[in-house]
Amino acid sequence: MDGSDTPADDVGDPSATLLAVVEAALEPLGSDWVERAAAVLPDLRAAVEARATAAAELLDGHGVEAVARVPKSRLADLQRCERSARARYLHPDDRGPGRAALRGVALDRFVLLAAQGSPLSAPTAELLSVLDAQGEEGLCDQVIEAVAEDLAVFDDLVDPTEAWRDLPDEWWPRLQSAATASLAGGRIVCSGRLDAELGGPLVGRPGVVVEVKSGAPRQAHVEEVALYALLVGWRDGVPPALVVRWYPFHGAAVAPVDAGSLSSAAARLGDAVETWAQLLVGRTPSESPGPWCRWCPDAPTCPSAAPVQVSVGAPTSAGGPAELPEDDEVEWEPPDDGVGS
Amino acid sequence: MSAAGGPVPLEVRQSWLSDARSHLDAELERVLGDRWRLDGRRRPPRREWVTISDFDVTQPCATRFARPSDDESSPSVTTLVTRALAKLALAEWDGVEPPVRALDRTLATLAEPAWVAEALDELDSAARAAVRASVEAWMADVLSSVRGRSDLRWEVERARVDVPGRSIRLTAACDARLGERLRPTTLLVHSGRVPDEHHDRIVAGFVALVVSFWAQAVPERVRCSTAGTGTTRAVPITPEVLAVAVGRIVDLAAAVAEPETAPLAPGGWCRWCHRLGECEPGQSQLGGST
Ligand code: SF4
Ligand code: SF4
């Protein structure tokens, strides 16, 4: 449940192409695999709807009128520490990403370039060009600053993305696609942006959801992809057949999507929706210290804050970059969806 | 739907359209009088016109609309061209091939609209890749909303209408339609905002009014879809829905005419309002929120 576990044993060969990994994982699944997993989707939806409706009623009773958002990042925040989740909502961090998150930003864009068949010959210039085209001026500045400090800060991320080249049109790789559950008549919204999707009903192939992670494997990533499988299942009417967590220095961790993983994702989502509604109407949040206290906005005043441990800089066993115990993701979505909470 | 449950006859929908236009004229006359009236001798430059978009009509705070920020930053190239390029590709799609192939063909021969072609010409290969990725995501998203159907007519350009006799322009993005251009039966509006029934109703009425301003009848329905949901929500177009849209246009025009007395509507959205620093209701709204 937390961000510090490292289920590294289920990852694969870092040199394998994404397509090879996907095809090998699909082969043993029977032709009715997806249908069997899909059968649980309506019941799971009904169960989460019931909990979301109760949460919306709670908000109504307290005059909280705006749509309550429980995006993936909030779900993860709530699972770590309720007080911290509330603090991050009340005081959004506008300082820009730290170094680990910036490497995550760079990796996402290198994957984009590789998947689009675009050359990666001058990675920093190409990264800046992509960010500029996406209107990410703030991130451009951060990249320039990071490169000024360390010219090679992103270099090691480039070669592994070769695994993303030459994905066939038949699998139609899509990047940053949306999956959103609008619950309780739109009062509660859970949304996610998938790093990549392959296949799916639009191209008549089994669906595959891929999350790109620049850091080391963590249990939280497993839960994240399970949530995405659920949201995609509700969006498309069928779940993806596979979820893949792709790590540049550890390879891909592949898991078939089944009724069990969808059910636990739905239970976690229902819990988060209930908890968030309670916090919005004023319940005192619990405090759960952990490594995440280091980037918690409430750390200076929180009596439970974990003592700071200086552990930055140790290289990972896979020979990758220094592992920073920090969020390695920056949402591509703009913060303003115009709906308040 | 008519009271009997069938489609509303064309002549009835024609009368709704002309009633809505008359209602808009009369209401603008009431709140504006001679302001923003085109007198036929001098046509004011575009920057002096009032422009009201489908986005504006869903924004709750009229003051924020009436007092726009001076330093609106220009949109990124992906924001600028994604939607138009995606619809060009979808218009090219045969419904069977992987949709990305239709995008390849579209990009290979792109000349129109010139503003899209010119924007792409200026890009290096990395920026073009970013645009392509964004276009593919939009195509996949809208296709999942309409369950892959390929019989829609995709509308590439925004609909624009100048209110007769006024320097007021209405603009709306309608993404696709079923039916003839002058007699559409269904319009599709796909957006990245959070699903919201109340917004759907306002947007549907506004888009129906703008798109069919010079058509022969309003559409039977507007279908609204939202990124990532894989569904569309139908809003039947009725005189009431059109009246809501007319009301929003009139409210916003009145707010621009008299910004000092324009209503404030504090809410969660104040967090991102450029006027927050000088707006007490906005500040206390956020100060008081959980
Ligand atoms: S300092 Fe730690 S325990 Fe306290 S609120 Fe923040 S994350 Fe939670
Ligand atoms: S801060 Fe809020 S109430 Fe004030 S102008 Fe902006 S949106 Fe309106």
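Reading the values: the criteria
- Residues numbered from 1 in each chain as written.
- Chains lettered and ligands numbered in written order.
- Predicted model: local features only at pLDDT ≥ 70, side-chain atom pairs only at ≥ 80, totals over all residues.
- Heavy atoms only, no water.
- pLDDT = per-residue confidence, 0-100.
- Helix = DSSP H or I, 4+ residues; strand = E, 2+ residues; numbered from the N terminus.
- Pairing = 2+ DSSP bridges.
- Near = heavy atom within 4 Å.
- Nonpolar A, V, L, I, M, F, W, Y, C, P; charged D, E, K, R; others polar.
- Axes fitted to C-alpha atoms, helices over the stretch in contact; angles between N-to-C directions.
- Contact = heavy atoms within 4.5 Å.
- Salt bridge = Lys/Arg side-chain N within 4 Å of Asp/Glu carboxyl O.
- Polar contact = N/O pair within 3.5 Å; in protein donor to acceptor, adjacent residues only side chain to side chain.
- Core = buried A, V, L, I, M, F, W, Y, C linked by side-chain atoms within 4.5 Å.
- Buried < 20%, exposed > 50% of the residue type's maximum accessible area, 1.4 Å probe, protein only.
- Arc of directions from axis to C-beta.

Residues and elements named next belong to chain B. Mean pLDDT over chain B works out to 89, with 97% of the residues at or above the 70 mark. Considering each helix and strand of chain B separately, the mean pLDDT is smallest for helix α10 (residues 280–288), with a value of 83, and largest for helix α7 (residues 125–145), with 96. Interface predicted TM-score (ipTM) for the complex: 0.85; the corresponding pTM is 0.87.

Moving on, we get to the pairing of strand β3 (residues 159–162) of chain B. Residues and elements named next belong to chain B. Across four bridges, β3 lies against strand β4 (residues 168–172) in antiparallel orientation. If you follow Ala-159 over to β4, its bridge partner there is Ala-172. Taking the residues that link successive antiparallel strands as the turn, the β3-β4 hairpin has five residues, and the phi of Gly-165 there is positive, at about 80°.

On to the site of ligand 1, then. In the vicinity of ligand 1, the contacting residues are A:Cys81, A:Arg83, A:Ser84, A:Ser288, A:Pro289, A:Trp292, A:Cys293, A:Cys296, A:Ala299, A:Cys302 and A:Ala305. A class-by-class count of the residues in the shell around ligand 1 yields eight nonpolar, two polar and one charged.

Quick look at the sheet that holds β4(B) now. Residues and elements named next belong to chain B. Read from one edge of the open sheet, three strands run β1-β4-β3, paired in mixed fashion. The sheet terminates laterally at β1 (50–53) and β3, the two strands that pair on one side only. Averaged over all pairs of adjacent strands, the angle between their axes in this sheet comes to 20°, without regard to strand direction. Together, β1, β3 and β4 form the strand contacts of helix α8 (residues 197–211), whose direction differs from that of β4 by roughly 115°.

For the rest of this paragraph, the subject is the interface of chain A and chain B. Every contact between the two is made by 45 residues of chain A and, on the other side, 38 residues of chain B. At the junction of chain A with chain B, the criterion picks out two salt bridges. In this structure, the salt-bridge partner of B:Arg101 is A:Glu170, at a minimum N-O distance of 2.7 Å. At the junction of chain A and chain B, the tally comes to twelve residue pairs in polar contact (both at pLDDT 80 or more). Elements supplying a minimum of two residues to the side of chain A that touches chain B: α5 (82–90), α6 (99–115), α7 (123–133), β2 (174–183), α9 (219–236) and α10 (259–280) of chain A. The biggest single contributor to the side of chain A that touches chain B is β2(A), with seven residues. Tallied by class, the residues present in the side of chain A that touches chain B amount to 22 nonpolar, 13 polar and ten charged.

A few words on the confidence of the model for chain A. Residues and elements named next belong to chain A. For chain A, per-residue confidence averages 84 on the pLDDT scale, and residues scoring 70 or more make up 84% of the total. When mean pLDDT is compared element by element in chain A, α7 scores highest at 96, while strand β1 (residues 68–69) scores lowest at 82. Counted against residues more than four places away or in other chains, residues 1–9, with its pLDDT under 50, gives 21 contacts. Counting contacts from residues 310–341, a segment whose pLDDT is below 50, to residues more than four positions away or on other chains yields 84 contacts.

Let us now look at the pairing of strand β8 (residues 232–236) of chain B. All names here are of chain B. When strand β7 (residues 221–226) meets β8, the two strands line up antiparallel, connected through five bridges. By the bridge assignment for β8, Arg-221 is matched with Pro-236. Between β7 and β8, which follow one another and run antiparallel, lie five residues, and Gly-228 among them has a positive phi close to 85°.

Moving on to the site of ligand 2. In the vicinity of ligand 2, the residues found are B:Cys61, B:Arg64, B:Leu264, B:Ala265, B:Pro266, B:Trp269, B:Cys270, B:Cys273, B:Leu276, B:Cys279 and B:Gly282. Its residues placed into classes, the shell around ligand 2 shows nine nonpolar, one polar and one charged.

What follows is about the environment of A:Pro248. Residue and element names in this part refer to chain A. In this fold, Pro-248 is placed in the loop between β5 (242–247) and β6 (251–256). Separated by 33 residues in sequence, Pro-248 and Gly-215 have C-alpha atoms that sit 8.4 Å apart. When near neighbours in sequence (up to four residues on either side) are disregarded, Pro-248 contacts Pro-14, Leu-107, Leu-157, Pro-160, Lys-213 and Ser-214.

The next point concerns the pattern of salt bridges. Should the charged atoms of two oppositely charged side chains come close, the side chains can pair. Counted by the stated rule, this structure contains 43 salt bridges over all chains. Ionic pairing is found between B:Asp200 and B:Arg233, a salt bridge with its closest N-O pair at 2.6 Å. Here B:Arg233 lies in strand β8 and B:Asp200 lies in helix α8, a separation of 33 residues in the sequence. In this structure, B:Arg248 and B:Asp251 form a salt bridge, with 3.8 Å as the shortest nitrogen-oxygen distance. With B:Arg248 and B:Asp251 both in helix α9 (residues 239–257) and three residues apart, the pair spans about one turn of that helix. Salt bridges here are not isolated pairs; linked through shared partners, they connect A:Arg174, A:Glu197, A:Arg235 and A:Asp236.

Here we come to the nonpolar core. If you look at the biggest cluster of nonpolar residues, it comprises 85 residues, and the most contacted ones within it are A:Phe154, A:Trp164, A:Trp246 and B:Leu85. In terms of residues, this core owes the most to one element, α7(B), which gives twelve residues. The next biggest cluster of nonpolar side chains, apart from the first, holds 47 residues, and it includes B:Leu28, B:Val161, B:Phe206 and B:Ala245.

Moving on, we get to helix α6 (residues 114–121) of chain B. Residues and elements named next belong to chain B. Where α6 is concerned, the buried positions are Val-116, Ala-117, Ala-119 and Leu-120. Around the axis of α6, the buried residues are gathered within 160° of arc, so they sit on the same side. Contact partners of the buried residues in α6: α4 (77–92), α5 (99–109) and α7.

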